[in-house]
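Residues per chain, in single letters:
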Amino acid sequence: MTEHTHATHPEIVKRLKRAHGHLKSVIAMIEDGKPCLDIAQQLSAVEKAIINAKRTLIQDHLDHCLEETVGALPRDKRQSIDGFKAITKYL
């Protein structure tokens, strides 16, 4: 399998490492009997970090890999590709 990297991968790794740190904190908080509100806030931070990492990865894939596959298209045929890329931002 060939290496598959994009410019956004370091940022994605940074976000996932941040989520990993938050998750470790959540585990410690649960084990230490911290208040549920505090735990829920930390879990929300983990969830947002993972969602943002996933969204960045998908958008990057569409911007680069899909473009390579589709190649240059006439303007009238581009609309469906551009619409697909735009709607995935809501995933």
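In case you missed it, the structure is sitting above this.
In this text, all values refer to a predicted model and were calculated from it rather than measured experimentally.

**Student:** Explain the packing of helix H2 (residues 36-70) against helix H3 (residues 75-87) here, please?
**Tutor:** Where H2 contacts H3, the axes come no closer than 11 Å and their chain directions differ by 160°. Looking at the two axes, H2 sits roughly antiparallel to H3. In this structure, H2 meets H3 at a crossing whose hand is right-handed. Within the contact between the two elements, H2 uses Gln-59, Leu-62, Asp-63, Leu-66, Glu-67 and Val-70 and H3 uses Arg-78, Ile-81, Phe-84 and Lys-85. Of the residues in the contact of H2 with H3, the class split is 5 nonpolar, 1 polar and 4 charged.

**Student:** Quick question: what am I supposed to make of the side chain of His-9 here?
**Tutor:** If you trace the backbone, His-9 turns up in helix H1 (residues 9-31). Sequence-distant contacts of His-9, that is, excluding residues within four places in its chain, are made with His-4, Leu-57 and Asp-60.

**Student:** What's the story with the packing of H1 against H2 in this structure? I'm lost.
**Tutor:** How two helices pack is summed up by the angle between their axes together with the distance between the axes. At a minimum axis distance of 9 Å, the contact between H1 and H2 shows a crossing angle of 160°. It follows that H1 is roughly antiparallel to H2 by the angle criterion. The way H1 lies across H2 gives a crossing that is left-handed. Across the contact of H1 with H2, the residue classes tally to 15 nonpolar, 5 polar and 3 charged.

**Student:** What am I meant to see in the side chain of Lys-85 here?
**Tutor:** Tracing the sequence through the fold places Lys-85 in helix H3. The exposure class assigned to Lys-85 is buried, which follows from its relative accessible area of 15%. With sequence-adjacent residues up to four places away left out, Lys-85 is seen in contact with Gln-59, Leu-62, Asp-63, Leu-66, Glu-67 and Arg-78.

Rules and cut-offs
Residues numbered from 1 in each chain as written. Predicted model: local features only at pLDDT ≥ 70, side-chain atom pairs only at ≥ 80, totals over all residues. Heavy atoms only, no water. Axes fitted to C-alpha atoms, helices over the stretch in contact; angles between N-to-C directions. Helix = DSSP H or I, 4+ residues; strand = E, 2+ residues; numbered from the N terminus. Parallel < 35°, antiparallel > 145°, perpendicular 65-115°, else oblique. Left-handed = near helix turned anticlockwise from the far one by under 90°. Contact = heavy atoms within 4.5 Å. Nonpolar A, V, L, I, M, F, W, Y, C, P; charged D, E, K, R; others polar. Buried < 20%, exposed > 50% of the residue type's maximum accessible area, 1.4 Å probe, protein only.

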